[in-house]
Amino acid sequence: MRLMIIGHNLEMFTEGYSRVFLRFCETVAHNVNLDEALVININRYNIPLLTVLKSLAPKLVNVSRIIEFKDLNIMSIAINHIIEFMYTNSLRPEIIFFGPLRSHLHIELLLRVLKERFIRKNYSMKMVTIINSLKHLREFLSATRTLRIGLLNEAKIYVLNPFVDADYRNVRFVRTYPPPVDPTFTEIIGLTMPRLADMSKTIFRFMGRIRLRDESTLILVLQAFRLFTKMLGDHAEVELVIDAFREDVSEPLIMQSSKVKVVVDNPLIHVKRGSKPLKVVWSTFKKYMKSSYVLLPYRVEQFIHPPLTLLEALALGVPVLASDLVTKWFPHKDFVIKINSNYSVEELAKILKHLYDVYGNSQYYQLSVRAIERLNAMFRETVEAIKRILRE
């Protein structure tokens, strides 16, 4: 079987959209007899995609040919010729996998190319894509409306998405939530529970892409933590870690002030200096494991859906405090500590106090165990959904 993968910034594996897409591609590769994979990617971060695939999608490495561009317009022209060459030389891919982020552009482009050039050929094709937002879902539907004849009457199109199961003309929307688990989770899941007894203090880790200036959520978290520590007194063993990711940081920035630690980093610089991507991903997992709680109380949209930070922390047994904006597409809110996105400083401080009080007791332990069990069951359900598509 031949697989064609069309991506956007896949080398940016520290971003959720890229890692999610690579996990879907790797899962497909594991469940078909893959002879060859052509990977076409817009690469704007100057990290060889092959380096990333070796760590995060090893099944694809030995069978992949990688073509990378820096500009979408150039790639669009190139795809036209690449597909024509593949069809002319009987190298037609059985599965075309789109994503991420700007996948609607690639979808419309390829649908039009196929319609104009190859619609008279007799073919059967599965086209699989990831749509990570409702906006892109709407744009995809808009693209398909302009192509009511031809390809849409012959090709099988599956849209893997975190929102809905539905059929629309020849398009089947398959709800796959969460994305397939990273294989490294299976290696470290057994290390998660023992770390609970070893924690000498309560560590709250505020994570995400954080702007250190003019960030309302960050300011509120700092104010709430200050109020919370006043409730406890000076001798309480607590710490707030602001774990920020920024693309423009050339050197890791670490600042320590009283009970607040600020860590600002760009993981890509470590890869450019020779660190393996898998090592960088492992370092993120270790951050979760060193945390008592992960804080995602965002008041504005910050994440793709599903947000990997939420899913990874829960899968490793770390309870998460998250706003309704973060969890709105998450189906199992019973083991997420919820807060309304229009919360006040006082409300957040009271929740932090409650979390501090229950840390390490049976309630905390049960929350952690339920999260591990349910998330891993959800991961398996996603893999089974992909297998069913591939069998059709």
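What you see is a predicted model, and the numbers here were worked out from it, not measured in a lab. (Residues numbered from 1 in each chain as written. Predicted model: local features only at pLDDT ≥ 70, side-chain atom pairs only at ≥ 80, totals over all residues. Heavy atoms only, no water.)

Draft legend 1. A look at the pairing of strand 11 (residues 253-257). As judged from the five bridges shared by strand 11 and strand 12 (residues 260-265), these two strands associate in the antiparallel manner. Across the sheet, the residue bridging to Ser 257 is Val 260, located in strand 12. Between strand 11 and strand 12, which pair antiparallel and follow one another directly, the connecting turn spans two residues, one of which, Ser 258, has a positive phi of 55°. (Pairing = 2+ DSSP bridges. Helix = DSSP H or I, 4+ residues; strand = E, 2+ residues; numbered from the N terminus.)

Draft legend 2. Structural detail: the confidence of the model for the protein chain. Chain-level statistics for the protein chain give a pLDDT mean of 79 and a share of 79% at 70 or above. Taken element by element, the protein chain is modelled with least confidence in helix 8 (residues 194-198), mean pLDDT 51, and with most confidence in helix 14 (residues 345-358), mean pLDDT 96. Counting interchain partners and residues more than four positions distant, the pLDDT-below-50 stretch residues 117-124 has 17 contacts. pLDDT under 50 marks residues 147-153. Its contacts with residues more than four places away, or in other chains, come to 18 contacts. (pLDDT = per-residue confidence, 0-100. Contact = heavy atoms within 4.5 Å.)

Draft legend 3. Region of the structure containing the pattern of salt bridges. This model, assessed by the stated rule, comprises ten salt bridges. With a closest N to O distance of 3.7 Å, Lys 201 and Glu 239 form a salt bridge. Taken together, the residues span a long stretch of sequence, with Lys 201 in the loop between helix 8 and strand 9 (202-208) and Glu 239 in strand 10 (residues 238-245) at a distance of 38 residues. The exposure class of Glu 239 is buried, given its relative accessible area of 12%. It is possible to trace a salt-bridge network through shared partners that takes in Arg 2, Glu 36 and Arg 65. (Salt bridge = Lys/Arg side-chain N within 4 Å of Asp/Glu carboxyl O. Buried < 20%, exposed > 50% of the residue type's maximum accessible area, 1.4 Å probe, protein only.)

Draft legend 4. Representation of helix 4 (residues 72-88) within the structure. Taking 1.5 Å per residue, 17 residues should reach 24 Å; helix 4 reaches 24 Å between its end C-alpha atoms and fits that length. By the burial criterion, the buried members of helix 4 are Leu 72, Met 75, Ala 78, Ile 79, Ile 82, Ile 83, Met 86 and Tyr 87. The distance from a side-chain oxygen at the start of helix 4 to the backbone nitrogen of Ile 74 is 3.0 Å, and the residue carrying that oxygen is Asp 71. Directly beyond the C-terminal end of helix 4, a positive phi value near 55° is found at Ser 90. (Expected span 1.5 Å × (residues − 1). Polar contact = N/O pair within 3.5 Å; in protein donor to acceptor, adjacent residues only side chain to side chain.)

Draft legend 5. Looking closely at the packing of aromatic side chains. Summed over the entire model, instances satisfying the criterion amount to ten aromatic pairs. Note on Phe 21 and Phe 97: the rings are 5.4 Å apart at their centroids and 65° apart in plane angle, and the pair reads as edge-to-face. In this pair, Phe 21 sits in helix 1 (residues 16-30) while Phe 97 sits in strand 4 (residues 95-98), placing the two residues 76 residues apart along the sequence. The pair formed by Phe 21 and Phe 97 is uniform in burial state, with each residue classed as buried. A ring pair is formed by Phe 206 and Tyr 298, whose centres lie 5.3 Å apart and whose planes are at 35°; its orientation type is tilted. Taken together, the residues span a long stretch of sequence, with Phe 206 in strand 9 and Tyr 298 in the loop between strand 13 (293-296) and helix 12 (308-315) at a distance of 92 residues. Assigned by exposure class, Phe 206 and Tyr 298 land together as buried. Through a chain of ring-to-ring contacts, three or more aromatic side chains come together here, namely Phe 204, Phe 225, Phe 228, Tyr 293, Tyr 356, Tyr 359 and Tyr 364. (Phe/Tyr/Trp six-rings, centres within 6.5 Å; stacked < 30°, edge-to-face > 60°.)

Draft legend 6. Structural context of the side chain of Ser 368. Inspection of the secondary structure puts Ser 368 in helix 15 (residues 362-391). Here Gly 317 takes part through its backbone oxygen, which lies 2.5 Å from a polar atom of the side chain of Ser 368.

Draft legend 7. Seen up close, the environment of Phe 13. Mapped onto the elements, Phe 13 comes out in the loop between strand 1 (2-8) and helix 1. Between the C-alpha atoms of Phe 13 and Pro 267, which are 254 residues apart in sequence, the distance is 9.5 Å. In this view, Phe 13 contacts Ser 18, Arg 19, Val 52, Leu 56, Leu 268, Val 271, Pro 277, Val 280 and Val 281; residues no more than four positions away in its chain are not counted.

Draft legend 8. Spotlight on the sheet that holds strand 14 (residues 320-323). Pairing is mixed across the open sheet formed by seven strands, whose spatial order is 11-12-10-9-13-14-15. Because the sheet does not close on itself, it has two edges, and the strands there are strand 11 and strand 15 (337-339). For this sheet the average axis-to-axis angle between neighbouring strands, irrespective of direction, equals 20°. Taken strand by strand, helix 9 (residues 216-232) contacts strand 9, strand 10, strand 12 and strand 13, and its axis lies near 170° from that of strand 10. This element, helix 12, spans strand 9, strand 13 and strand 14 of the sheet and lies at about 165° to strand 13. (Axes fitted to C-alpha atoms, helices over the stretch in contact; angles between N-to-C directions.)

Draft legend 9. View of the nonpolar core. Judged by nonpolar contacts, the single largest core of 99 residues is most densely connected at Phe 97 and Phe 330. Sorting elements by how many residues they give to this core places helix 15 first, with ten residues. With 21 residues, the next largest nonpolar core counts Leu 72, Met 75, Met 127 and Val 171 among its residues. (Core = buried A, V, L, I, M, F, W, Y, C linked by side-chain atoms within 4.5 Å.)

Draft legend 10. Structural view of the side chain of Ser 341. Within the secondary structure, Ser 341 sits in the loop between strand 15 and helix 14. In this view, Ser 341 contacts Tyr 298, Arg 299, Ser 323, Asp 324 and Leu 325; residues no more than four positions away in its chain are not counted.

Draft legend 11. Inspection of the pairing of strand 2 (residues 36-42) at higher detail. Across the seven residues of strand 2, six count as buried, placing the element largely inside the fold. Note that strand 1 and strand 2 share seven bridges and pair parallel. Bridge pairing in strand 2 links Arg 2 to Glu 36. Each parallel crossover has a hand, and for strand 1 linked through helix 1 to strand 2 it is right-handed. Note: strand 2 against strand 3 (residues 64-69), six bridges, orientation parallel. (Right-handed = clockwise from strand over helix to strand, strands pointing away.)

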